[in-house]
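Analysis of the macromolecular model
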Amino acid sequence: LPNVCEGPFATVESWQQLKELTDAVAGGDDSQKGRIELSTQLVERAFLAHGGFKFVGYWIALEVAADTHSTGKIATLLSRAYERSRSYILNDLGFEFLKATRTAVFHNGEHYEFPADVERYVQCLFLDVMRAKLRLKCRGHMASAVKEGFDVKRLDRKVAQAKHLTIETP
């Protein structure tokens, strides 16, 4: 079974939150509905993808949901949602590491495959951004993951890379 720090799963509370999200999307304008629908499709594709495309898929979904490609605006959106400083978002929740990875992948062409725990954390980031854009109460999914033991240093792509099992034959 997943640990608490691995993100929200199918519990009564998560189903209630899902209903809250779907109700908020239904009440939004067509542009917002389109962005949320596309971003959730992109998250699904990223989840099913292999290799370096996972990060690219999740990040594009995040930008679509946030309606911006500006990492600064995403940090501000999260800061407002959490009612905390940008410094808290950038440092305590590790968003600065994710910004650096985005730059390395999108602008420098680095290959990055992130480990499963980092992927789950990025899913929490996506949920926090989506709730903020829908003007729903922040559930603090990223903060909960950190509180339950996720180390944001794992977001540093130079520290945490996916491990691949190789078997050498004689």
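Everything discussed here concerns the structure shown above.
Our focus in this paragraph is the overall build of the protein. A count of helical and extended segments in the protein gives 8 helices and 0 strands. Looking at the protein as a whole, 46% of its 170 residues are labelled buried. For the protein, the exposed surface amounts to about 9900 Å²; the carbon and sulfur share of it is 54%.

Another point: the nonpolar core. Core analysis: the largest hydrophobic core is formed by 46 residues, its most contacted members being Phe95 and Val129. Broken down by element, this core gets its largest block of residues, 9 residues, from helix α7 (residues 116-133). The contacts of Phe95, once residues within four sequence positions are left out, are Trp59, Thr71, Ile74, Ala75, Leu78, Ile89, Leu90 and Leu125.

Spanning 14 residues, helix α3 (residues 53-66) covers 20 Å between terminal C-alpha atoms, matching the ideal 20 Å at 1.5 Å per step. Most of α3 sits out of view: 12 of its 14 residues are buried. Within α3, burial applies to Lys54, Phe55, Val56, Gly57, Tyr58, Trp59, Ala61, Leu62, Glu63, Val64, Ala65 and Ala66. Contact partners of the buried residues in α3: α2 (30-48), α4 (71-82), α6 (95-106) and α7. The first or second residue beyond α3 is Asp67, which carries a positive phi of 60°.

Moving on: α2. If you check α2, its first and last C-alpha atoms are 27 Å apart, about what 19 residues at 1.5 Å a residue would give, namely 27 Å. Every buried residue of α2 is accounted for by Gln32, Arg35, Ile36, Ser39, Val43 and Ala46. Angular distribution of buried residues about the axis of α2 spans 95°; they occupy a single face of the element. Turned more than 90 degrees away from the buried face of α2, the exposed residues are Asp30, Glu37, Arg45 and Leu48.

Below, the discussion takes up the environment of Arg35. Looking at the element boundaries, Arg35 is found in helix α2. Residues Arg35 and Glu63, 28 residues apart in the sequence, show an inter-C-alpha distance of 9.5 Å. Discounting residues that sit within four places of it in the chain, Arg35 has contacts with Val64, Ala65, Asp67 and Lys133.

A few words now on unusual backbone geometry. The backbone phi angle of Asp67 is positive, close to 60°, even though this residue is not glycine. With respect to the helices and strands, Asp67 occurs in the loop between α3 and α4. Although it is not a glycine, Glu83 sits at a positive phi angle of roughly 55°. Structurally, Glu83 can be placed in the loop between α4 and α5 (86-92).

Definitions and limits used
Every chain is numbered independently, its residues counted from 1 as its sequence is written. Only residues with pLDDT of at least 70 are given local features in this predicted model, and only at 80 or more are side-chain atom pairs given and counted; all residues enter the totals for whole chains, interfaces and linings. With hydrogens and water set aside, each side-chain value is computed from the structure's full complement of heavy atoms. In this text, helices come from DSSP runs of H or I with a minimum length of four residues, and strands from runs of E with a minimum of two, each type numbered from the N-terminal end. The classification of residues rests on relative accessible area computed with a 1.4 Å probe and restricted to protein chains. Under 20% of the type maximum is buried, over 50% is exposed, and intermediate values are partly exposed. Where accessible areas are quoted, they stem from the Shrake-Rupley method and a 1.4 Å probe; at the residue level, only the protein chains shown are allowed to cover. In plain words, nonpolar cores are sets of buried Ala, Val, Leu, Ile, Met, Phe, Trp, Tyr and Cys residues tied together by side-chain atoms within 4.5 Å. Contacts were defined at the residue level, with two residues in contact if any of their heavy atoms lie within 4.5 Å. Multiplying 1.5 Å by the residue count of a helix minus one yields the expected span of that helix. Read the arc as the range of directions from the helix axis to the C-beta atoms.

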